[in-house]
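Close look at the chain arrangement
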Amino acid sequence: MRNSISKSLARFVSIVTIVTFAAVLKPSTVSAQDVANGSATATVQAVLVVTSTAALAFGNVFQGVSTSVANAAAGAGVFTVTGQASSVIAMYMQLPDYMSTATGDDRMVISFSATDASVDSTANTTPTTFGTGWQNTNPHNINAATELGNAGAALFLGGKVLPTVDQAAGAYTADIILTVAYTGT
Amino acid sequence: MLEKTLIKQNIPAERRLCATRRGFVFGKISLITALFLAVMVLHSAAGVLVAPTVIFISDKGRTGRMTVQNPTDKPQEITVYFSFGLPKSDSLGNVTVRLTDTLITDPNSALGWVKAFPRKMILQPKGSQVVRFRATPPKDLPEGEYWARVVVRSQDGETTLPSPTAEGAITTKLNMIMQTAIMLKYRKGQLTSKLELGETSATVDGEKVKVMIDMKNTGNCSYIGMLACRLMDANNKEISHASVQLAVYRNLLRRVELPIREGSFMKPYRVEIGISTSGRKDIAAEDMITGNEISQALAVQ
């Protein structure tokens, strides 16, 4: 009796899970369908996804005190790239020289050294637990083409802000741009 | 393990079986739940999807399309623009793609006569948008293939500036902007895909063999295919192999590294190189242009 209840429960959970999986995964699948009379053909297209899962975060900084975040620290910026497994991608970063207030009244220097980036070619997306890849590489020149595994690749970015002694208090912003392209298409 | 514990505790056989099955069922449920949670986490972290990875436009239809999708829970601000950049290699065989927006002198550039509609949009959560392309090439355009990079720029549609938590403090907000650059190819007339091998070498570098392959495109379109390398010993036993996707637009120097696995392999080693336009799963068969096949064996120095 208990066995049959357990089996039924297992079947029910499996069915519910499969249905939920299908519902959850449905929006992620981009596909083009060419439908003809009498028959249907579907071409599932390869996709490329570039994501930022965490922004480079310096927290509160104070006048005259420079603050650094290492690429292996919890505050590092994280980009992830997923796409066709075993394809090779090239990554290129455009980094700011300064950050500015919303009104543009004041600017604060931000710098990136030649060792401020790491490219992890495993499934890991946590900067504090680096897997394998290129560690402490130059973010201005990420010349190592990365082969995408099934889980994609991640880029971790550190940096440094240098507020002056008379830096105005407030919020400063800047853009960090990551461009990703396939090298094999 | 569970059954052994139950035997030690003198539990009757029927109850043992029942308990073991329950353990299996709940183990299965835990595994399914863990998988489900993992997918949910991946899904919630997803960014903007762009498909396909190459857009083909023929001189007959002169139109193409691309789909951009936002599977996140936040609106995304999307901008589509054109740039130019071919895969290029340095003297070490590293391949990069650098985009150039102005002063393009490449005769095969399609920049300037391909337009995208729409070029700016806000994609709502779970929303998608088809971007259409229309080519209006010059009348006297020679036969061949013409290229441009479609750059899809995405960032959060809503941003908030953080407030300082201490008086007189400074806070920072870095906008992480993502750009996906995919290739657009405009094809006109009869196309020939042809590749020639230049200087090649295979040298031992520590615990691996470094293969350098210089290639030259002699066709009138890009050579898209696969490059496969096999490291063989004197007895024809495979030591290791590697296979990479290949796109040669003009000249390309490609480096492939093959690990020397431990084992009873007899020297001298050699590398077998195979280049072919078959084996690409990311491009539809009707869009592939069949080209020449190359195979060559190299002695490892």
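Residues numbered from 1 in each chain as written. Chains lettered and ligands numbered in written order. Predicted model: local features only at pLDDT ≥ 70, side-chain atom pairs only at ≥ 80, totals over all residues. Heavy atoms only, no water.

The next thing to look at is the overall build of chain B. When its secondary structure is counted, chain B shows two helices and 18 strands. Here chain B holds 301 residues, and the buried ones make up 47% of them. Of the contacts made within chain B by residues no fewer than 6 positions apart, 71% connect residues no fewer than 24 positions apart. Carbon and sulfur atoms make up 53% of the accessible area of chain B, which totals about 15700 Å². (Helix = DSSP H or I, 4+ residues; strand = E, 2+ residues; numbered from the N terminus. Buried < 20%, exposed > 50% of the residue type's maximum accessible area, 1.4 Å probe, protein only. Contact = heavy atoms within 4.5 Å. Areas by Shrake-Rupley, 256 points an atom, 1.4 Å probe, with all protein chains shown as cover.)

All names here are of chain B. Pairing in this open sheet of four strands is antiparallel, and the strands run S15-S14-S17-S18 from one edge to the other. In this open sheet, the two edge strands, each paired with only one partner strand, are strand S15 (238-248) and strand S18 (294-299). The sheet shows a mean angle of 15° between the axes of neighbouring strands, taken without regard to direction. Relative to strand S17 (residues 270-276), strand S14 (residues 223-232) is paired through seven bridges, and the arrangement is antiparallel. Opposite Ala228, over in S17, you have Gly274 as the bridge partner. (Pairing = 2+ DSSP bridges. Axes fitted to C-alpha atoms, helices over the stretch in contact; angles between N-to-C directions.)

The next subject is the confidence of the model for chain B. Residue and element names in this part refer to chain B. Looking at chain B as a whole, the pLDDT averages 85, with 84% of positions reaching at least 70. Counting interchain partners and residues more than four positions distant, the pLDDT-below-50 stretch residues 1-6 has nine contacts. Of the regions scoring below 50 in pLDDT, residues 23-46 engages in 26 contacts with residues more than four places distant in sequence or in other chains. Scored as a whole, the predicted complex attains pTM 0.78, and scored at its interfaces, ipTM 0.77. (pLDDT = per-residue confidence, 0-100.)

If you look at the biggest cluster of nonpolar residues, it comprises 34 residues, and the most contacted ones within it are Met93(A), Leu155(A) and Ile176(A). Listing elements by their share of this core, those giving two or more residues are strand S3 (48-54), strand S5 (77-82), strand S6 (88-94), strand S8 (107-111), strand S9 (117-120), strand S12 (153-157) and strand S14 (170-182) of chain A together with strand S11 (170-188) of chain B. Counting 27 residues, the second largest nonpolar core, distinct from the first, contains Cys229(B), Ile239(B), Val271(B) and Leu298(B). (Core = buried A, V, L, I, M, F, W, Y, C linked by side-chain atoms within 4.5 Å.)

Mean pLDDT over chain A works out to 79, with 71% of the residues at or above the 70 mark. For the stretch residues 18-42 of chain A, pLDDT sits under 50, and the model shows 34 contacts to residues farther than four places along the chain or on other chains.

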